[in-house]
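Coordinate analysis (summary)
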Amino acid sequence: MGDTDSKIKNELLEDFSKVFGDNDGVRVFFAPGRVNLIGEHTDYNGGHVFPCALTLGCYGAARKRSDRKLRFYSKNFEELGIIESSLDELTPDERAHWTNYPKGVMWAFEGRGMKADTGLDLLLYGTIPGGSGLSSSAALEVLTGYILRDFYGFDVTNTDLALIGQYSENNFNGMNCGIMDQFASAMGKKDNAIFLNTADLSFEYAPLVLKGEKIVVTNSKVKHSLVDSAYNERRSQCEQALKELQSVVDIKTLGDLSEEEFEKNKGAVKDEICRRRTKHAVYENRRTIKAIEALKKNDIAEFGRLINLSHVSLRDDFEVSCPEVDVLVDAAWKVTGCIGSRITGGGFGGCSVSIVKNEAVDEFKEKLTAAYREKVGKEPEFYVVEAGDGPREII
Ligand code: ADP
Ligand code: MG
């Protein structure tokens, strides 16, 4: 247990007492957020992704109740106070605010025949900056699932926790996300990234102990409002293109196509925009496979080159970047010690992820801050991140 974990645990136990009266029998849990290194917008196209869990995430202090009440409190939304509900009210409700995430997970468990027989009190504290696109929602879902499994003895694997989390986000919270975020959180492993094939959920861990480099996440601190609608639109464009391609090639997902097969058959996709979306999905998947090979050979320069190409493709073909993040990435590309940089996450704001030589991290921060101040008029925020473990109890 790290210093931070034990410090946060003690604070949360105190907070729990203040909010819920006492902290007898309370236990503290954690589930991580994630950053995706490469393989963006491929997880709903049967492609590969390469995220790692972070040491940042969502902490939860929890205790079973003897009645059917649910009482929630988040230190990230203190102004909302205690939000009360019950096991008999597991339906989405705007007034329930953020508690729709844990309630959605309970609802998804029920749908699989796993019903909690008593309610609980849950106090949360997330260390992921809001709106940064580092998957605080997946962390919260996986955390809830982990606590439910522990408290009620539900027989599910960590992969199930990811699937249940995604199912609840799709069907209870109306966000049509792929499996990457929840999978990365549920299966996180310290010092490793996860090379996941989203077509069949087969995966391997790839050691991510960069000796000479750091992974730097830069927060643009912007989040454009079209993020959810544009996300769902990209999904349907890819689905449309898949249908058209299936009339000429035998594929189940866009992830089945090589670059050559795509180039040969792309004429089947009638709409020019859908064709560009497909090009991204196909090439990005192949880039991700190549990126793992490069990392295995310790060819960090090639890894960085592929990360840069990913950004260009997300910016020009998939069109999910935004001017603010482009400023950060352009400035990063000009830093000699920056090996690769791209937008990460769903897009339209959020963060960039960059691989930066140890000795260049200070210069990187200075140059990006100056460029961002000048062109956007805001201060970016930097997090030097490490690949962390999956969900766990803080003992
Ligand atoms: P992200 O990229 O961080 O997942 P989302 O918009 O998908 O962004 O999810 C953010 C939402 O998740 C918040 O608005 C809130 O409803 C919920 N959430 C995440 N972390 C917490 C927390 N610590 N406490 C309460 N709600 C949280
Ligand atoms: Mg999310």
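Reference entry: report on the structure contained in this document. Along every chain, residues carry numbers that run from 1 in the direction the sequence is written. Lettering for chains starts from A, numbering for ligands starts from 1, and both go in the order in which the items are written. Local features are withheld for residues below a pLDDT of 70 in this predicted model, meaning they are given only at 70 or higher, and side-chain atom pairs are given and counted only at 80 or more; totals for whole chains, interfaces and linings count all residues. Each side-chain value is worked out from all heavy atoms of the structure, with water and hydrogens disregarded.

**Considering the sheet that holds strand E10 (residues 349-357)**
Think of it this way: DSSP has to see at least two bridges between two strands before they count as a pair. Secondary structure counts use DSSP, requiring at least four H or I residues in a row for a helix and at least two E residues in a row for a strand, with both numbered from the N terminus. Read across the open sheet, the 4 strands follow the order E9-E10-E8-E11; overall the sheet is antiparallel. This sheet does not close on itself; its edge strands, each paired only once, are strand E9 (338-344) and strand E11 (381-385). Between one strand and the next, the sheet's axes are offset by a mean angle of 20 degrees, whatever the strand orientation. Pairing between strand E8 (residues 213-223) and E10: 8 bridges, direction antiparallel. Across the sheet, the residue bridging to Thr218 is Ser352, located in E10. Note on contacts: a residue pair qualifies if any of its non-hydrogen atoms lie within 4.5 Å across the two residues. Comment: axis = line fitted to C-alpha atoms, over the contacting stretch for helices; angle = value between 0 and 180 degrees taken between N-to-C directions. Across the sheet, helix H9 (residues 300-316) touches E8, E9 and E10, and the angle it forms with E9 is around 30 degrees.

**A short note on the packing of helix H2 (residues 100-111) against helix H4 (residues 158-171)**
One can describe the packing of H2 onto H4 by two numbers: an axis separation of 8 Å at closest approach and a directional angle of 115 degrees. Comparing the axis directions of H2 and H4 gives the class roughly perpendicular. Seen along the crossing, H2 lies across H4 with a hand that is right-handed. Contacts between H2 and H4 involve Tyr101, Gly104, Val105, Trp107, Ala108 and Phe109 from the first element and Leu161, Ile164, Tyr167, Ser168, Glu169 and Asn171 from the second. Roughly parallel means an angle under 35 degrees; roughly antiparallel, over 145; roughly perpendicular, 65 to 115; everything else is oblique. Each helix crossing is assigned a hand: it is left-handed if the near helix lies turned anticlockwise from the far helix by less than a right angle, otherwise right-handed if that turn is clockwise.

**What to know about the nonpolar core**
Only buried residues count toward a nonpolar core. Its members are Ala, Val, Leu, Ile, Met, Phe, Trp, Tyr and Cys residues joined through side-chain atoms within 4.5 Å. Only protein chains enter the calculation, and the probe is 1.4 Å; a residue is then buried if its accessible area is under 20% of its type maximum, exposed if over 50%, and partly exposed in between. Judged by nonpolar contacts, the single largest core of 70 residues is most densely connected at Phe50, Phe109, Leu120 and Phe303. Among the elements that make up this core, the one with the highest residue count is helix H3 (residues 136-152) (9 residues). Sequence-distant contacts of Phe50, defined by excluding residues within four places in its chain, comprise Asn36, Leu37, Ile38, Ala193, Ile194, Phe195, Ala206, Thr288, Ile292, Leu295 and Phe303.

**What about helix H6 (residues 227-246)?**
One less than the number of residues in a helix, times 1.5 Å, gives the span that helix is expected to have. The end-to-end C-alpha separation of H6 is 29 Å, in line with the 28 Å expected for 20 residues at 1.5 Å each. Among the residues of H6, those classed as buried are Val227, Ala230, Tyr231, Arg234, Arg235, Gln237, Cys238, Ala241, Leu242, Glu244 and Leu245. Elements that come into contact with the buried residues of H6 comprise E8, helix H7 (259-265) and helix H8 (272-296).

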